[in-house]
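Here is how the chains run, residue by residue.
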Amino acid sequence: MTGPLAEVLDGQRQADLQRAARALLKEPLLTAEGPYTDEFRLVRRHAAELREWFERNAGWALRTDTDAARLRKTPGALTDATHPAREAARTALPFTRRRYVLFCLTLAALERGESQVALGRLAEQVVLAAADPELVAAGITFTLERRDERLDLAAVVRLLLRLGVLRRVAGDEEAYVSGSGDVLYDVRRRVLAGMSASLRGPSMVEAEDFEERLVEMTAQTALDSDELRFRAIRWKLTRRLLDDPVLYYDDLTDDELAYLTRQRGFITARINELTGLVAEVRAEGIAMVDPLDDLTDVRMPEQGTHGHITLLLAGHLARAAGPVQPAELADRVRELALEHGGFWSKSAREPGAEPELVEQALTKLVALGLAERTERGVVPRPALARYAVGEPVIKQPGPAGPHHPAAALGMTMKDER
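Bear in mind that the values here come from a model prediction, so they are computed numbers and not experimental data. (Residues numbered from 1 in each chain as written. Predicted model: local features only at pLDDT ≥ 70, side-chain atom pairs only at ≥ 80, totals over all residues. Heavy atoms only, no water.)

1. Some thoughts on the overall build of the chain
To keep things clear, this is the line we draw: Per the convention used, a helix needs a DSSP run of H or I reaching at least four residues, while a strand needs a run of E reaching at least two, with both numbered from the N terminus. Each radius of gyration is computed over the set of C-alpha atoms, and the globule rule expresses the reference value as 2.2 Å times the number of residues to the power 0.38. Every accessible area reported is derived by Shrake-Rupley at a probe size of 1.4 Å, with residue values counting cover from the shown protein chains alone. Think of it this way: Lys and Arg go in the positive column, Asp and Glu in the negative one, and His and the chain ends go nowhere. Lys charges are placed at NZ, Arg charges at CZ, Asp charges at CG and Glu charges at CD.
Broken down by element type, the chain carries 15 helices and 11 strands. The C-alpha atoms of the chain give 23 Å as radius of gyration, which agrees with the globular expectation for 417 residues (22 Å, within 12%). For the C-alpha atoms alone, the extent of the chain along its principal axes is close to 65 × 60 × 50 Å. For the chain, the exposed area adds up to about 21100 Å²; of that, 53% sits on carbon and sulfur atoms. For the chain, the distance from the average site of its 56 positive side-chain charges to the average site of its 65 negative ones is 3 Å.

2. Considering the sheet that holds strand 8 (residues 278-281)
For clarity, the threshold we go by: Paired strands are those between which DSSP finds at least two bridges. By the convention used here, residues are in contact when the closest approach between their heavy atoms is within 4.5 Å. All axes here are fitted lines through C-alpha atoms, helices being fitted over the stretch that makes contact, and every angle between N-to-C directions spans 0 to 180 degrees.
Pairing in this open sheet of three strands is antiparallel, and the strands run 7-9-8 from one edge to the other. Of all the strands in the sheet, the pair left with one neighbour each is strand 7 (247-248) and strand 8. Sheet analysis places strand 8 next to strand 9 (residues 285-289), joined by four bridges and oriented antiparallel. Bridging across to strand 9, Val-281 finds its partner in Ile-286. On the sheet, helix 12 (residues 254-275) packs against strand 7, strand 8 and strand 9 and is oriented at approximately 5° with respect to strand 9.

3. Considering the pattern of salt bridges
We apply this condition: Salt bridge, as used here, is a side-chain nitrogen of Lys or Arg placed within 4 Å of a carboxyl oxygen of Asp or Glu.
Per the counting criterion, the structure on display carries 39 salt bridges. With its nearest N and O atoms 3.2 Å apart, the salt bridge here joins Glu-124 to Arg-121. Note that Glu-124 and Arg-121 are positioned in helix 5 (residues 119-130) at a spacing of three residues, about one turn of the helix. Through salt bridges with shared partners, a single network forms among Glu-87, Arg-98, Arg-99, Arg-146, Asp-148, Glu-149, Asp-152, Arg-158, Arg-168, Glu-173 and Glu-174.

Structure follows, in structure tokens:
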């Protein structure tokens, strides 16, 4: 088929492919039931092309069946902890070490269990597994007798509900936490089977050091030829451009920088073709900017009190001549409250709230690659310079928060799974 109709059909196919790829980057585990049903169908329709692209360019495997589509992502930076798991929305509290352990124990219990499980019964199995001597020796114990422990297990279950591993049949988690009731779930075993994204099972890893264990779990094959080494570099660079807000040249090895210098146009063009992300190339690095502004898990600027404070501190850091101590930033928040406090929430204006406000702002700035914590203090990174344009202009008061004219730094999704 040729002519205008063929062009329209080809454009629609490309748009659908791009939508499917973006859905996988945003949610690497898509299920046939849930909020991403349409995207799941698109992924299934374009599975062969998506599988080939992700395998060739990022070394990520895509598994699809009638229940789920799972993109097995390996991050470009294995030790980046700036995007933790959360039970629900972006505003939910990040997972603690205990919740991560509970998450793993819960998955193990579900794998050995039946197609339906009650939360109380699941809790009993987790408690038995937590009695492992190695966990006890590591200082991790669970009795689930305390409310905070039951809250942690409820958070784990809510994450599994969001991912589609569990389906609630009856009851609610709050009743379990309060001790007044139980919850019954269906276990979607095909979705559960796709949860692990490691290339090697944890039981097969021999290293003791945490970072070495991560390397073993994600290692591909022995890089004993130039072709394999170049492929590994291409995979790492593509992963970081897809996952990280900014790829800084000074974070790369000499071999990686040399390869990127030669292949930058090819790599960024391939990403643009699949995802619609546009390369913004600067002297210090590259950011893949999202014109649609929806492929992100951390947004900057952002409305509300915390977004306003983060933006103000970003401008302060961008103009700093060197490292800045958190105490200095807390003093700055205290000064800003006098000028802008009328637009902030009441809790943000309370005396003594400054350190927590600074911590929340720094967590976001570090996650976006805009600042770095060092022994000398907080150091601004080059991309933060775009926020050194002066103080934000407040158009109107109210709960919607301030508006800032500066464009947001392009960010792509980094998923924690």
